Amino acid sequence: MRNKWLCLLLAAALTALTAGCSLARPEREAAPEGRWIGLYVVYDPPGTYTDFYSSPHLTELGTESLDTGKYGSVTIPREVLPGEEDPDTGNISFPGLEGYSLFIRHTQEDYGPVTQVVSNMSPGEEGTALNSSDQGTAETASGVIWWGPPLDAPADWDALEDAGIWHAYRVFETADGQVYLDGSGNSYSGGGSGMGFSSDATYTYTENGESRTDSVSVSVRVEYTPRLTALRVVEFGGDNSVVNITALPLTGELPALVPAADAAFLIVEEESAEGVKRTLYAAADWAEGPVYHEVVLLDEAGRGHGAYLAIGEEAGA
């Protein structure tokens, strides 16, 4: 019955996609214990679609009210997708949904309250901040999602014409620390670079007889990147002669690179079908410890993630 109602509501709400548009989902009342903490972004390549409500991993969490318009509101069991925490890394994943996390958790440990930013995105220019005052706390987080051509992309593949759909699901957290998705959020279509979306929420409460307001703001930017075909580091001596050339694998974990003792500077070369991007580092940059160069690698579907190339030795090594 729940899926039937949702299908009827979605059929009435969805309109034809145009580049960069947003698709609204039906209005839902969040469970009282659910506090919005951020976003979980899932990408559907062209020709595919993620049906959140058909997931076999959904569990019931209270009830929800759905507004059917002229037929009034109906109350049905509320189904959510709980997150699963990796005990070793602390990362949280949602079964059946591969995506990008950006949310701010609040947990109570034996030694006190802990605020944790959970993210597998590249850092955003706005950064992450937590400001606390007598009036409340203001938390902000930003991230960048990289994407590009799939591995089997044809020669005429176009970033604007061949883009898929991005689902920005809202992430909630219960008072006891359970993180979950309820399927709410928006979907976006569009390609190229610079597409972004953001959400925020405020919570007003009374503490020690005083009114306080906490706010949470999360922003995500989607950026296009070409698929790398080669990654090299070229080291030069003080006379500009080539000292060493290192070809690096296009994998998720890049090996650390220790430059030659007589290297005066080096250039990281990222080669793709669009040309070669070069970044220069001088010996002074890694003299006191490694510098970290971010390289964006794409998986078979064209989803990107940042990998870091460490250049130089750890201090004291």
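Residues numbered from 1 in each chain as written. Predicted model: local features only at pLDDT ≥ 70, side-chain atom pairs only at ≥ 80, totals over all residues. Heavy atoms only, no water.

Looking only at helices and strands, the chain features two helices and 21 strands. Long-range pairs, those at least 24 residues apart, make up 60% of the contacts in the chain between residues at least 6 apart in sequence. Of the accessible surface of the chain, which amounts to about 16,700 Å², a share of 50% is contributed by carbon and sulfur atoms. (Helix = DSSP H or I, 4+ residues; strand = E, 2+ residues; numbered from the N terminus. Contact = heavy atoms within 4.5 Å. Areas by Shrake-Rupley, 256 points an atom, 1.4 Å probe, with all protein chains shown as cover.)

Okay, the pattern of salt bridges next. A side chain with one charge may pair with a side chain of the opposite charge, provided their charged atoms come close. Going through the model one piece at a time under the given rule, you end up with 11 salt bridges. The salt bridge involving Asp-214 is made with Arg-35; its shortest N-O contact spans 3.9 Å. Of the two residues, Asp-214 sits in strand S15 (residues 210–224) while Arg-35 sits in strand S2 (residues 35–44), which places them 179 residues apart along the sequence. With a relative accessible area of 9%, Asp-214 lands in the buried category. Connected via shared salt-bridge partners are Arg-232, Glu-269, Glu-271 and Arg-278. (Salt bridge = Lys/Arg side-chain N within 4 Å of Asp/Glu carboxyl O. Buried < 20%, exposed > 50% of the residue type's maximum accessible area, 1.4 Å probe, protein only.)

Moving on, we come to the pairing of strand S21 (residues 304–311). With eight bridges joining them, strand S20 (residues 291–298) and S21 adopt antiparallel strand pairing. Bridge assignment links Tyr-292 to a residue of S21, and that residue is Ala-310. In sequence, S20 turns back onto S21 through a hairpin of five residues, with Gly-302 there showing a positive phi of about 95°. (Pairing = 2+ DSSP bridges.)

So, about the nonpolar core. Ranked by size, the top nonpolar core spans 27 residues in total, and within it Val-41, Ile-145, Trp-166 and Phe-197 carry the most contacts. Elements with a minimum of two residues in this core: S2, strand S7 (100–109), strand S11 (136–147), strand S12 (165–173), strand S13 (179–189), strand S14 (195–207) and S15. Leave out the neighbours within four places in its chain, and Val-41 touches Gly-99, Tyr-100, Met-121, Ile-145, Trp-166, His-167, Ala-168 and Phe-197. Within the second largest apolar cluster, 17 residues are counted, among which are Val-233, Leu-248, Leu-257 and Leu-297. (Core = buried A, V, L, I, M, F, W, Y, C linked by side-chain atoms within 4.5 Å.)

Glancing now at unusual backbone geometry. Backbone geometry at Asn-208 places phi at a positive 55°, although glycine is not the residue there. Checked against the element boundaries, Asn-208 lands in the loop between S14 and S15. Backbone geometry places Asn-240, a non-glycine residue, at a positive phi of 70°. When you line up the elements, Asn-240 lands in the loop between strand S16 (228–236) and strand S17 (242–248). By relative accessible area, Asn-240 is classed as exposed at 53%.

A residue-level look at the chain finds 87% of positions with pLDDT of 70 or above and a mean pLDDT of 84. Per-element confidence in the chain is highest for strand S18 (residues 265–272), whose mean pLDDT is 98, and lowest for helix H1 (residues 2–13), whose mean pLDDT is 34. The low-confidence segment residues 1–32, where pLDDT is below 50, has 64 contacts with residues more than four positions distant or belonging to other chains. (pLDDT = per-residue confidence, 0-100.)

The sheet contact formed by strand S3 (residues 59–67) and strand S4 (residues 73–82) spans seven bridges and is antiparallel. Bridge pairing in S4 links Glu-64 to Ile-76. Here S3 folds back onto S4, and the loop between the two strands holds five residues, one of which, Gly-69, carries a positive phi near 80°.

Taken in spatial order, the four strands make up an open sheet running S17-S16-S18-S19, and their pairing is antiparallel. Looking at which strands have only one partner, the edges of the open sheet turn out to be S17 and strand S19 (275–282). Averaged over all pairs of adjacent strands, the angle between strand axes in this sheet comes to 20°, irrespective of strand direction. Where S16 and S18 come together, eight bridges link them in antiparallel fashion. Directly across from Ala-230, in S18, lies its bridge partner Glu-271. (Axes fitted to C-alpha atoms, helices over the stretch in contact; angles between N-to-C directions.)

On to the side chain of Ser-142. Structurally, Ser-142 can be placed in strand S11. Here the side chain of Ser-142 touches Glu-126 through a polar contact of 3.3 Å, side chain to side chain. A distance of 3.0 Å separates a polar side-chain atom of Ser-142 from the backbone nitrogen of Gly-127. If we ignore the near neighbours within four places in the chain, the residues touching Ser-142 are Leu-102, Pro-123, Gly-124, Glu-125, Glu-126, Gly-127, Thr-128 and Ser-219. (Polar contact = N/O pair within 3.5 Å; in protein donor to acceptor, adjacent residues only side chain to side chain.)

One pass over the structure, following the stated rule, counts 12 aromatic pairs. An angle of 45° between the planes, with centres 6.1 Å apart, marks the rings of Tyr-43 and Trp-147 as tilted. One end of the pair, Tyr-43, is in strand S2; the other, Trp-147, is in strand S11, with 104 residues separating them in the sequence. Pair check on accessibility: Tyr-43 and Trp-147 agree, each one buried. A ring pair is formed by Tyr-188 and Phe-197, whose centres lie 4.6 Å apart and whose planes are at 10°; its orientation type is stacked. What makes Tyr-188 buried here is its relative accessible area of 13%. Grouped by ring-pair contacts, the aromatic residues Tyr-43, Trp-147, Trp-157, Trp-166 and Tyr-224 constitute a single cluster. Over the aromatic face of Tyr-203 sits the side chain of Arg-35, whose NZ or CZ is 4.2 Å from the ring centroid. (Phe/Tyr/Trp six-rings, centres within 6.5 Å; stacked < 30°, edge-to-face > 60°. Lys NZ or Arg CZ within 6 Å of the ring centre and 35° of its normal.)

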